[in-house]
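# Tertiary structure, described
Residues per chain are reported as follows:
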Amino acid sequence: MSELTHFDAQGRAHMVDVGAKGETARLAVASGRIRMLPDTLARIRDGTATKGDVLGVARIAAIQGAKRTAELIPLCHPLPLTRVAVEFSISETDNAVECTATAECFGRTGVEMEALTAATVGLLTVYDMCKAIDRGMRIESVRLLEKRGGKSGHWLAAEP
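Now for a description of the structure that goes with this document. Going along each chain's sequence as written, the residues are numbered from 1 onward. Selection of residues for local features in this predicted model requires a pLDDT of at least 70, selection of side-chain atom pairs for listing and counting requires 80 or more, and totals for whole chains, interfaces and linings are taken over all residues. Excluding hydrogens and water, the side-chain figures rest on all heavy atoms present in the structure.

Working definition of a nonpolar core: buried Ala, Val, Leu, Ile, Met, Phe, Trp, Tyr and Cys residues. They are joined through side-chain atoms within 4.5 Å. Under the scheme applied here, a residue whose accessible area is under 20% of the maximum for its type counts as buried, over 50% as exposed, and between as partly exposed, the area being computed with a 1.4 Å probe on protein chains only. In terms of nonpolar packing, the biggest core is built from 30 residues, with Met36, Ile44, Val54, Phe88, Val97 and Val126 touching the most fellow members. Secondary structure elements are defined from DSSP: runs of H or I of at least 4 residues count as helices, runs of E of at least 2 residues count as strands, and each element is numbered from the N terminus. For this core, the elements supplying multiple residues, two or more each, are β1 (24–35), α1 (38–46), α2 (54–67), β2 (81–91), β3 (96–107) and α4 (112–130). Here the element with the most residues in this core is α4; it accounts for 7 residues. Note on contacts: a residue pair is in contact if any heavy atoms of the two residues lie within 4.5 Å. Excluding its chain neighbours within four sequence positions, the residues that come into contact with Val97 are Gly32, Arg33, Ile34, Met36, Leu41, Ile44, Leu55, Phe88, Ser89, Ile90 and Leu123.

Written out as structure tokens, the structure reads:
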């Protein structure tokens, strides 16, 4: 990408005009992880965290985050999402929970920010629900894994 599209000719921030773009099916997949103490991970895995079903609540929060992305990121277009899916996996080896979020719509601009926001909000919710027992948790490696649709077509991250 040769230019930053969120700046006008004078260098001022602006919302990109997507009015002339055609609508296409859009998809984006993002992921991230939160590392924690082994006991914290065990409580999440076993469903014994004081606040309840950590991953169930985090999944709903992630979906809500995707739906509200335009309210959080100033130059994002509000999008009519057609699907948001959120999956969590537990890595006993790394003492981590990974969140993978998929966002889809049929529109004029991509859903990368919605997928990234969903993954991040899901991980932040895990932190919020477990911070009383583990304030040292670390959110890491939030990134885009895949995007499809639009003029630039299909893109996959180089590394898994």
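From this point, things continue past the structure.
Turning next to a nonpolar patch on the surface. Each patch is built from salt-bridge-free residues with over 30% relative accessible area, joining like charges within 9 Å and nonpolar side chains (Val, Leu, Ile, Met, Phe, Trp, Tyr) within 5 Å. Using the Shrake-Rupley algorithm and a 1.4 Å probe, accessible areas are obtained, with residue cover drawn only from the displayed protein chains. Only one rule defines a salt bridge in this text: a Lys or Arg side-chain nitrogen within 4 Å of an Asp or Glu carboxyl oxygen. Taken together, the side chains of Leu72, Ile73 and Met113 make up a nonpolar region of the molecular surface, amounting to roughly 240 Å² of accessible area. Tracing the backbone shows Leu72 in helix α3 (residues 69–72). Owing to a relative accessible area of 55%, Leu72 belongs among the exposed residues under this scheme.

Side chains on a regular strand alternate between the two faces of the sheet. Here 8 bridges tie β1 to strand β4 (residues 138–148), and the two strands are oriented antiparallel to one another. Paired with Ile34 across the two strands is Ile139, which belongs to β4. Hairpin connection between β4 and strand β5 (residues 155–156): a loop of 6 residues separates the two successive antiparallel strands, and Gly149 in this loop has a positive phi of roughly 105 degrees. The pairing criterion for strands is at least two bridges between them, as found by DSSP.

Attention now moves to α2. A helix's residues, less one, multiplied by 1.5 Å, set its expected span. For α2, which comprises 14 residues, the first-to-last C-alpha distance of 20 Å matches the rise-based estimate of 20 Å (1.5 Å per residue) to within 8%. Along α2, the residues classified as buried are Val54, Leu55, Ala58, Ala61, Ala62, Gly65 and Ala66. Relative to the axis of α2, the buried residues are bounded by an arc of 140 degrees and lie together on one face. Residues Ile60 and Lys67 are exposed on α2 and point more than 90 degrees away from its buried face. On its buried side, α2 packs onto α1, α3, β2, β3 and α4. The directions from the helix axis to the C-beta atoms are what the arc is built from.

Below, the discussion takes up the packing of α2 against α4. To get an axis, fit a line to the C-alpha atoms, keeping to the stretch in contact for a helix; angles then go from 0 to 180 degrees between the N-to-C directions. With their axes 7 Å apart at the nearest point, α2 and α4 run at an angle of 145 degrees to one another. Like other packed secondary-structure pairs, α2 and α4 cross with a definite hand, here right-handed. Residues Val54, Leu55, Val57, Ala58, Ala61, Ala62, Gly65 and Ala66 of α2 form the contact with α4, whose own contacting residues are Glu114, Thr117, Ala118, Val121, Gly122, Thr125, Val126, Met129 and Cys130. Under this grouping Gly is polar, as are all residues other than the nonpolar Ala, Val, Leu, Ile, Met, Phe, Trp, Tyr, Cys and Pro and the charged Asp, Glu, Lys and Arg. In the contact of α2 with α4, the residues fall into 12 nonpolar, 4 polar and 1 charged. Put simply, a crossing is left-handed when the front helix is turned counterclockwise from the back one by less than a right angle, and right-handed when it is turned clockwise.

Taken as a whole, α1 has its buried residues at Thr40, Leu41, Ala42 and Ile44. On its buried side, α1 packs onto α2, β2, β3 and α4. Within two residues after α1, Gly47 carries a phi angle of roughly 75 degrees, on the positive side.

Our focus in this paragraph is the side chain of Glu114. Relative to the helices and strands, Glu114 resides in helix α4. When charges are tallied, Lys and Arg are placed among the positive residues and Asp and Glu among the negative ones, while His and the ends of the chain are skipped. One buried charged residue, Glu114, forms no salt bridge at all, with the nearest opposite charge on Arg26 at 10.0 Å.

With respect to the helices and strands, the residue Ala157 is situated in the segment after β5. For Ala157, a relative accessible area of 18% translates into the label buried. Sequence separation of Ala157 and Thr24 is 133 residues, and the distance between their C-alpha atoms is 21 Å. Aside from chain neighbours lying at most four places away, what touches Ala157 is Arg143, Leu144 and Leu145.

Keep in mind these values describe shape, not function.
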